[in-house]
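In case you want the letters, here they are:
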Amino acid sequence: MKLRPFLALGLPLLATARAVHAGASLYVDDAGTTPPGHCQLESWTRSYAPGQEWSAVPACTRGGVEYSLGVSSYDRPHDLLLTPGIKRTLRDPDGQAWGAAISLVAAWDVTQRRLEGWNLTVPVTLAVDAQGRTLLHADLGWSKLRGAAGALAGGLALEHRLSGQWSVLAELYADGSGEMDRQLGLRRALDATASLDLLAGCASGRRPGRWFTLGLNMALPD
């Protein structure tokens, strides 16, 4: 399963900024896409004070382009967001020293019936070792939110496969407004087509906070 979360929605006060970034359990995207002709589903629930988020992002690849449509629901304050996106891999990272892609994601607030913004990102994946046990993912993008000037945004994520079915995940992400988010956790491969993520996160800056994320990633039947 790819380490590519499709939309990254965090604390409710950060929901708009996160909605236009590609990501699932993690905020930082990788350079891979769903295999051509196949689909996958990334889903997660995020607990923070004082509420909860539920998100699901189905994605399919056709003609070399991955199309996705994320939906996220929040209970405090109540909100519903849709995040359509497209992503194209420029160089496939699988079995190679590095890979790159480009993605575009928009955010539509169903509750307010308005476009909240968009994000254009270039994710790059580097294999740190020859066996591909340790991968470094780097994102650099441009975010434009409603009522605000555009800003650079990006981050770094590390994925290290331990013995057995476990991997360590860690990341830093800056949204361009002075906020810095950090996450650390584990990924458990359930089989060749599914994995489970458990992460703890915290934010620093004008809106500090903490959260826990439980994510399920799975390939969909053909």
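Just so it is clear, the model here is predicted, and its values are computed rather than measured. (Residues numbered from 1 in each chain as written. Predicted model: local features only at pLDDT ≥ 70, side-chain atom pairs only at ≥ 80, totals over all residues. Heavy atoms only, no water.)

Draft legend 1. How the structure looks around the overall build of the chain. From N to C terminus, the chain includes 1 helix and 12 strands. Beginning at the N terminus, the succession of helices and strands in the chain can be written as α-β-β-β-β-β-β-β-β-β-β-β-β. When the 222 residues of the chain are sorted by exposure, 45% land in the buried category. If you take every contact in the chain between residues at least 6 apart in sequence, the share linking residues at least 24 apart comes to 44%. Within the structure as shown, the chain displays about 10,200 Å² of accessible surface, and the carbon and sulfur contribution to it stands at 66%. (Helix = DSSP H or I, 4+ residues; strand = E, 2+ residues; numbered from the N terminus. Buried < 20%, exposed > 50% of the residue type's maximum accessible area, 1.4 Å probe, protein only. Contact = heavy atoms within 4.5 Å. Areas by Shrake-Rupley, 256 points an atom, 1.4 Å probe, with all protein chains shown as cover.)

Draft legend 2. Local environment of the pattern of salt bridges. With the rule as written, the count across this model stands at 6 salt bridges. A salt bridge links arginine 146 to glutamate 116; the nearest nitrogen and oxygen atoms lie 3.4 Å apart. With arginine 146 in the loop between β7 (134–145) and β8 (151–161) and glutamate 116 in strand β6 (residues 114–127), this residue pair connects regions lying 30 residues apart in the sequence. The class for arginine 146 is partly exposed, based on a relative accessible area of 45%. (Salt bridge = Lys/Arg side-chain N within 4 Å of Asp/Glu carboxyl O.)

Draft legend 3. Representation of the environment of alanine 31 within the structure. Structurally, the position occupied by alanine 31 is in the loop between α1 (15–19) and β1 (39–48). Once the C-alpha coordinates of alanine 31 and leucine 126 are considered, the two residues, 95 residues apart in sequence, prove to be 9.1 Å apart. Beyond its immediate sequence surroundings of up to four residues, alanine 31 is in contact with Lys87, Thr89, Pro93, Gly99, Ala100, Ala101, Pro123, Val124 and Thr125.

Draft legend 4. The pairing of strand β10 (residues 180–191), seen in detail. In this sheet, β10 lies alongside strand β9 (residues 166–174) in antiparallel orientation, the contact comprising 9 bridges. Looking at β10, one finds that tryptophan 166 is bridged to arginine 188. In this antiparallel pair of consecutive strands, β10 and strand β11 (residues 194–204), the connection spans 2 residues. (Pairing = 2+ DSSP bridges.)

Draft legend 5. Region of interest: the confidence of the model for the chain. When pLDDT is averaged along the chain, the result is 86, and 87% of the positions lie at 70 or above. The least confident element of the chain, judged by mean pLDDT, is α1 at 40; the most confident is strand β5 (residues 98–109) at 95. Low pLDDT (under 50) marks residues 1–19, which in the prediction has 113 contacts with non-local residues, meaning those over four places away or in another chain. (pLDDT = per-residue confidence, 0-100.)

Draft legend 6. Fine view of the state of the cysteines. Under the criterion given, the structure shown has 1 disulfide. The disulfide bridge from cysteine 39 ends at cysteine 60, spanning 1.9 Å between sulfur atoms. A torsion of 110 degrees about the S-S bond marks the disulfide between cysteine 39 and cysteine 60 as right-handed. Here cysteine 60 lies in strand β2 (residues 51–62) and cysteine 39 lies in strand β1, a separation of 21 residues in the sequence. Overall, cysteine 39 belongs to the buried group, its relative accessible area being 17%. (Disulfide = S-S within 2.5 Å.)

Draft legend 7. Structural detail: the side chain of arginine 46. Within the secondary structure layout, arginine 46 lies in strand β1. Overall, arginine 46 belongs to the buried group, its relative accessible area being 0%. From its side chain, arginine 46 meets the backbone oxygen of serine 25 in a polar contact 3.5 Å long. At 2.8 Å, the side chain of arginine 46 forms a polar contact with the side chain of threonine 213. (Polar contact = N/O pair within 3.5 Å; in protein donor to acceptor, adjacent residues only side chain to side chain.)

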